[in-house]
Amino acid sequence: MSKHILILGSGYGGLLSALSAREHFSEEEAVITVVNKESSHQIMTELHRLAAGNVAEKAVALPLDKLFKGRGIQVKVGTVQEIAVGNKKVTLHDGSALTYDILVLALGSETNYFGIPGLKEHSLTLKSVDEAHRVYAHVRQRIQAYSESKNPADATIVIGGGGLTGVELVGELADELPGICREYGVSYSEISLKLIEAMPTILPMFSPELIARAMESLEKRGVQFLTNVPITEATATTVSLKDGSTIATNTIVWTGGVQGNTRVAECGIEVNRGRATVNEFLQSTSHPEVFLAGDCAVVFGPEGRPYPPTAQLAWQMGELVGANAAAYLNGSPMTAFSPVFSGTLASLGRKDGIGSVGENGIELKGLPASLMKKASNARYLSHIEGLFALAY
Ligand code: NAD
């Protein structure tokens with residue numbers, strides 16, 4: 001009898017899981033259903049560009065119905081309300097219920113506000129195409145408002161968190177804000193673009209030389225860094241810092257970190273700090289019929305440290321899940337997950353970037369890093385395009 005493979009989420013992990021499952025199950029053997037809250041596969045690694053108005057939506061939101069057309073993969077646009085692993089049932093917000101033989105959890109991560117008062121209510125975030133649009137619209141509105149009010153809070157843009165998300169966003173804004181300012185007759189020199197980081201340095205995954213290079217490049221384009229000072233509170237018009245100072249601002253974009261997915265954390269499978277734990281085959285350590293792909297799971301490296309939740313890890317997990325689900329159902333040996341890390345690249349706006357690539361961590365800066373980052377996105381798009389035999 002035909003099995004049902006149910007995949008929750010259609011980010012990198014979910015999309016590649018669906019594809020790899022289809023490769024390993026004929027349409028007679030298994031029905032594959034993908035549930036996603038948006039109707040598109042979103043290229044998360046490019047959202048900072050959308051948030052600054054530097055890329056079109058169609059480049060970062062690929063419609064799922066087009067992607068899966070003719071592939072024997074059903075798409076259901078809906079939000080997961082409850083996952084009941086005990087009776088193998090998933091309920092969506094619209095009240096519909098789905099059962100499964102194999103469940104793939106690929107619901108991604110959520111913004112972590114660390115309980116900082118006022119932050120959730122008063123900040124913008126960057127975890128979806130809609131959120132990126134909101135950042136862009138908000139920034140434009142504030143500059144327009146400033147052109148009339150001359151209220152410094154309208155001219156002050158605060159990015160909270162100097163990890164890759166915050167730095168890539170600030171780099172893009174530094175490039176695009178001068179043009180937006182010109183549209184409203186505002187001088188860019190009147191704008192205060194601040195990046196606030198709790199730790200002594202931004203981007204701790206890079207060498208001190210590359211960090212200094214990134215800061216210098218961004219400072220030249222008007223970014224002010226405040227490091228070693230955590231944000232402690234936010235209101236609609238202020239950001240408070242641990243050193244006792246307060247910044248008047250009408251714009252806070254919070255890029256201070258991510259946590260596991262609440263639905264996954266609460267569904268009854270084994271978790272570690274809110275992320276599902278997996279064995280070497282990417283099965284839940286408590287429920288073998290549940291496979292995991294992407295940020296909602298935690299994968300530990302050989303030294304016992306968790307790998308950071310990145311697109312490249314999610315992608316590789318998804319690629320293995322289909323094969324292992326098929327092997328699990330057939331009783332044949334599964335393959336252990338063995339991720340390959342190609343390095344880390346950070347864009348710093350349209351033409352600049354830094355990176356550490358390859359096994360030896362070769363350092364890149366400037367245009368080569370920027371081009372490498374673009375090439376890595378193009379490689380991903382052509383990979384899925386090729387796999388789906390699709391022309392956009
Ligand atoms: P992150 O956790 O990597 O960085 C968040 C930063 O916010 C940290 O530096 C942290 O010290 C800071 N922070 C936390 N609390 C703060 C506070 N109260 N005040 C000020 N600063 C505070 O989060 P991220 O940048 O969103 O990245 C999430 C994951 O996504 C990471 O694994 C990252 O590698 C990945 N990612 C990768 C890329 C890329 O490869 N180019 C781009 C974006 C994200």
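Bear in mind the structure is a predicted one, so any value in this text is a computation, not a measurement.

Asks: Can you tell me about the site of the ligand, naming the residues and giving the values?
Replies: Taken together, 22 residues form the shell around the ligand, and within it Thr165, Glu197, Ala198, Ile231 and Leu345 come nearest. In the environment of the ligand, an oxygen atom lies 3.4 Å from a nitrogen or oxygen atom belonging to the backbone of Gly256. Leu345 places a polar main-chain atom, nitrogen or oxygen, 2.9 Å from a nitrogen atom of the ligand. Within the complex, 78% of the 850 Å² of free accessible area of the ligand lies under protein. Among the residues forming the shell around the ligand, the class breakdown is 11 nonpolar, 8 polar and 3 charged.

Asks: Report on the sheet that holds strand E19 (residues 271-272), specifying residues and quantitative values.
Replies: Within the open sheet, the 3 strands sit side by side as E19-E20-E22. Their pairing is mixed. Here the strands that pair on one side only, and so sit at the sheet edges, are E19 and strand E22 (297-298).

Asks: Account for the packing of aromatic side chains, naming residues and giving values.
Replies: On inspection of all chains with the given rule, the structure shows 4 aromatic pairs. With 4.8 Å between their ring centres and 75° between their planes, Trp315 and Tyr380 make a pair best called edge-to-face. Of the two residues, Trp315 is situated in helix H10 (residues 311-330) and Tyr380 in helix H11 (residues 367-388); the sequence distance between them amounts to 65 residues. Through a chain of ring-to-ring contacts, three or more aromatic side chains come together here, namely Tyr12, Trp315 and Tyr380.

Asks: Can you tell me about the side chain of Asn112, naming the residues and giving the values?
Replies: By secondary structure assignment, the location of Asn112 is in the loop between strand E10 (110-111) and helix H5 (119-122). Looking at Asn112, its side chain comes within polar contact range of the main-chain nitrogen of Phe114, at 2.9 Å. With residues up to four places along the chain from it excluded, the contact list for Asn112 reads Trp254, Gly257, Val258 and Gln259.

Asks: Break down the packing of helix H1 (residues 12-24) against H10 for me, citing the residues and quoting the values.
Replies: The contact between H1 and H10 brings their axes to 7 Å, and the two run at 30°. With respect to their mutual orientation, H1 and H10 come out roughly parallel. By crossing handedness, the relation of H1 to H10 is classed as right-handed. Residues Tyr12, Gly13, Leu16, Ser17, Ser20, Ala21 and His24 of H1 form the contact with H10, whose participating residues are Ala311, Ala314, Trp315, Gly318, Glu319, Val321, Gly322, Ala323 and Ala326. Residues belonging to the contact of H1 with H10 are distributed by class as follows: 9 nonpolar, 6 polar and 1 charged.

Asks: Can you break down the pattern of salt bridges residue by residue, with the values?
Replies: Going through the model one piece at a time under the given rule, you end up with 11 salt bridges. Its salt-bridge partner being Arg142, residue Asp154 comes within 2.9 Å of it at the nearest N-O pair. Of the two residues, Asp154 is situated in the loop between helix H6 (129-149) and strand E11 (156-160) and Arg142 in helix H6; the sequence distance between them amounts to 12 residues. The class for Asp154 is buried, based on a relative accessible area of 3%. Owing to a relative accessible area of 21%, Arg142 belongs among the partly exposed residues under this scheme. Arg221 is paired through a salt bridge with Asp175; the nearest N and O atoms lie 2.9 Å apart. With Arg221 in the loop between helix H8 (208-220) and strand E13 (223-226) and Asp175 in helix H7 (residues 164-183), this residue pair connects regions lying 46 residues apart in the sequence. For the pair Arg221 and Asp175, one class covers both residues: buried. In this structure, a network of salt bridges that share partners links the residues Asp175, Arg213, Arg221 and Asp352.

Here is what the cut-offs are and how they apply
Residues numbered from 1 in each chain as written. Predicted model: local features only at pLDDT ≥ 70, side-chain atom pairs only at ≥ 80, totals over all residues. Heavy atoms only, no water. Near = heavy atom within 4 Å. Polar contact = N/O pair within 3.5 Å; in protein donor to acceptor, adjacent residues only side chain to side chain. Areas by Shrake-Rupley, 256 points an atom, 1.4 Å probe, with all protein chains shown as cover. Nonpolar A, V, L, I, M, F, W, Y, C, P; charged D, E, K, R; others polar. Pairing = 2+ DSSP bridges. Helix = DSSP H or I, 4+ residues; strand = E, 2+ residues; numbered from the N terminus. Phe/Tyr/Trp six-rings, centres within 6.5 Å; stacked < 30°, edge-to-face > 60°. Contact = heavy atoms within 4.5 Å. Axes fitted to C-alpha atoms, helices over the stretch in contact; angles between N-to-C directions. Parallel < 35°, antiparallel > 145°, perpendicular 65-115°, else oblique. Left-handed = near helix turned anticlockwise from the far one by under 90°. Salt bridge = Lys/Arg side-chain N within 4 Å of Asp/Glu carboxyl O. Buried < 20%, exposed > 50% of the residue type's maximum accessible area, 1.4 Å probe, protein only.

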